[in-house]
Amino acid sequence: MDLRGRVALVTGAASGIGRETALAFARAGADLVVCDLNDAGLEATAEAIRAVGRTALDRRVDVSSREEMRAFAAEVHRQHGAVDVLMNNAGVGLGGGFLDTSLEDWEWILSINLWGVIHGCHYFLPPMVARGRGHVVNVSSAAGYLATAQLAAYSTTKFGVFGLSEALRDELRPHGIGVTTVCPGIINTPITGAARMRGAVATPEARAALVDIYRRRNYGPDRVAANILKAVARNRSVAPISPEAWVMYLMKRVSPGLTARINRALQARMEKQMLGATPARASRADDSS
């Protein structure tokens, strides 16, 4: 897809992968529609887009809200008609096993990570289908094809995004619309600092250790953005981004059992690093307070 003069929409564009991809689309010649709940970050993204000579329609939108997404789509379609690229990126993190995750946490993460993508597709896809061209980018995760006990709820939402995207790709192919599932991997973005933590790792020390692991990995969202543009140009169905995301994706397809054992070992090592920074293991009673 030649992005010059096209319109790209990115949710969760105030920081991280969303911000960097919106800027990458703008540098490639697209005008942008961006939304987020972080007003200051969203304004900064919009200003950066305009600084490279492209237009930016920025709105504060909660992707989990059906009504807010409906109104947002109506405004976008009045101004631009059908968008050319729809990127459902907005998401949140939740660390903890199933037994440590409350129903309120489940509702929260499902409403954003999965329902946010469903809302985006529901309200923006019909005009794209009617026009007969476009591309959808749904941001899943390496945790969307390789689940871990400590990311039970998060993995559930990302598996859902992965499955939805695979079904959409098949359904939308006759309409000239491509669908790419993006699985970034271990990327240094604000999501680790903002994620809800439950269970033994629900301490400030453990969170700081997790943030430090991602910081030292030092794979930035700008590199993810560059790969997303390549994936859209090549109409790739699945786009693992970082080296570890590629390795896990390929190994899961070749040897699921071996991959699960390796993944458990890596997760145990990461949890040990996090708990090593924790003075005492938090009790479940403390976690639920």
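Nothing here was measured: the structure is a model prediction, and the numbers come from that model.

1. Observations concerning the overall build of the protein chain
Then, number 1: For the protein chain, the helix and strand inventory stands at eleven helices and nine strands.
Then, number 2: On C-alpha atoms alone, the protein chain measures out to a radius of gyration of 19 Å, which is about the 19 Å that the 2.2 N^0.38 rule sets for 289 residues.
Then, number 3: For the protein chain, the residues scored as buried account for 51% of the 289 residues in total.
Then, number 4: With the model as given, the accessible surface of the protein chain reaches about 13,100 Å², and the carbon-plus-sulfur share is 54%.
Then, number 5: Charge-centre separation for the protein chain: the mean point of 34 positive side chains lies 8 Å from the mean point of 27 negative side chains.

2. Details of the pattern of salt bridges
Then, number 1: The final tally for this structure, using the stated rule, is 14 salt bridges.
Then, number 2: Among the ionic pairs, R4 bridges to D2, the shortest N-O distance being 2.7 Å.
Then, number 3: By relative accessible area, which is 62% here, R4 ends up exposed.
Then, number 4: Residue classification places D2 among the partly exposed positions, given a relative accessible area of 39%.
Then, number 5: With its nearest N and O atoms 3.2 Å apart, the salt bridge here joins D31 to R54. Pair noted here: D31 is in strand β2 (residues 31-36) and R54 is in the loop between α2 (39-51) and β3 (56-60), with a separation of 23 residues, a long-range link.
Then, number 6: Several salt bridges converge on common partners, so that one network encompasses R6, D84, R131 and R133.

3. Regarding the confidence of the model for the protein chain
Then, number 1: Per-residue confidence for the protein chain gives a mean pLDDT of 92; residues scoring 70 or more make up 96%.
Then, number 2: Across residues 279-289, where pLDDT falls below 50, the model places 14 contacts with residues more than four positions away in sequence or in other chains.

4. What about a nonpolar patch on the surface?
Then, number 1: On the surface, L258, I262 and L266 cluster together into a nonpolar patch covering about 240 Å² of accessible area.
Then, number 2: Tracing the backbone shows L266 in helix α10 (residues 256-276).

5. Comments concerning the packing of aromatic side chains
Then, number 1: Using the criterion set out here, one finds five aromatic pairs in the structure.
Then, number 2: Residues W246 and Y249 carry aromatic rings whose centres are separated by 6.3 Å and whose planes lie at 80° to one another, so their mutual orientation is edge-to-face. Residue W246 and its partner Y249 are both found in helix α9 (residues 243-254); the two are separated by three residues, about one turn of the helix.
Then, number 3: The ring of W108 carries the charged tip of R196 above its face, separated from the ring centre by 3.8 Å.
Then, number 4: Across from the ring centre of Y219, 3.9 Å away, lies the NZ or CZ of R223, which sits over that ring.

6. A word on the environment of D31
Then, number 1: For D31, a relative accessible area of 14% gives the class buried.
Then, number 2: Separated by 105 residues in the primary sequence, D31 and V136 have C-alpha atoms spaced 16 Å apart.
Then, number 3: The contact partners of D31, leaving out residues within four places of it in the chain, are R6, V7, A8, R54 and T55.
Then, number 4: Separated by 3.2 Å, the side chains of D31 and R54 make a polar contact.
Then, number 5: At a separation of 3.0 Å, a polar atom in the side chain of D31 contacts the main-chain amide nitrogen of T55.

7. Here's the deal with the nonpolar core
Then, number 1: Residues L9, F72, V76, F124, L125 and M128 are the most contacted members of the largest nonpolar core, which totals 36 residues.
Then, number 2: Elements supplying a minimum of two residues to this core: β1 (7-11), β2, α3 (66-80), α4 (103-131), α5 (152-172) and β7 (177-183).
Then, number 3: With ten residues, α4 is the largest single contributor of residues to this core.
Then, number 4: With sequence-adjacent residues up to four places away left out, M128 is seen in contact with A82, V83, D84, L86, R133, G134, H135, V136 and I177.
Then, number 5: A26, L32, V137 and V182 belong to the second-largest nonpolar core, a separate cluster that totals 33 residues.

8. Regarding the pairing of β3
Then, number 1: As defined by bridge partners, β2 adjoins β3 across five bridges and the pair is classed as parallel. Looking across to β3, one finds that D36 is bridged to R60.
Then, number 2: Crossover connection from β2 via α2 to parallel β3: handedness right-handed.

Here is what the cut-offs are and how they apply
Residues numbered from 1 in each chain as written. Predicted model: local features only at pLDDT ≥ 70, side-chain atom pairs only at ≥ 80, totals over all residues. Heavy atoms only, no water. Helix = DSSP H or I, 4+ residues; strand = E, 2+ residues; numbered from the N terminus. Rg over C-alpha atoms; globule rule 2.2 N^0.38 Å. Buried < 20%, exposed > 50% of the residue type's maximum accessible area, 1.4 Å probe, protein only. Areas by Shrake-Rupley, 256 points an atom, 1.4 Å probe, with all protein chains shown as cover. Lys, Arg positive; Asp, Glu negative; His and termini not counted. Charge placed at Lys NZ, Arg CZ, Asp CG, Glu CD. Salt bridge = Lys/Arg side-chain N within 4 Å of Asp/Glu carboxyl O. pLDDT = per-residue confidence, 0-100. Contact = heavy atoms within 4.5 Å. Patch = residues over 30% accessible without salt bridge, like charges linked within 9 Å, V, L, I, M, F, W, Y side chains within 5 Å. Phe/Tyr/Trp six-rings, centres within 6.5 Å; stacked < 30°, edge-to-face > 60°. Lys NZ or Arg CZ within 6 Å of the ring centre and 35° of its normal. Polar contact = N/O pair within 3.5 Å; in protein donor to acceptor, adjacent residues only side chain to side chain. Core = buried A, V, L, I, M, F, W, Y, C linked by side-chain atoms within 4.5 Å. Pairing = 2+ DSSP bridges. Right-handed = clockwise from strand over helix to strand, strands pointing away.

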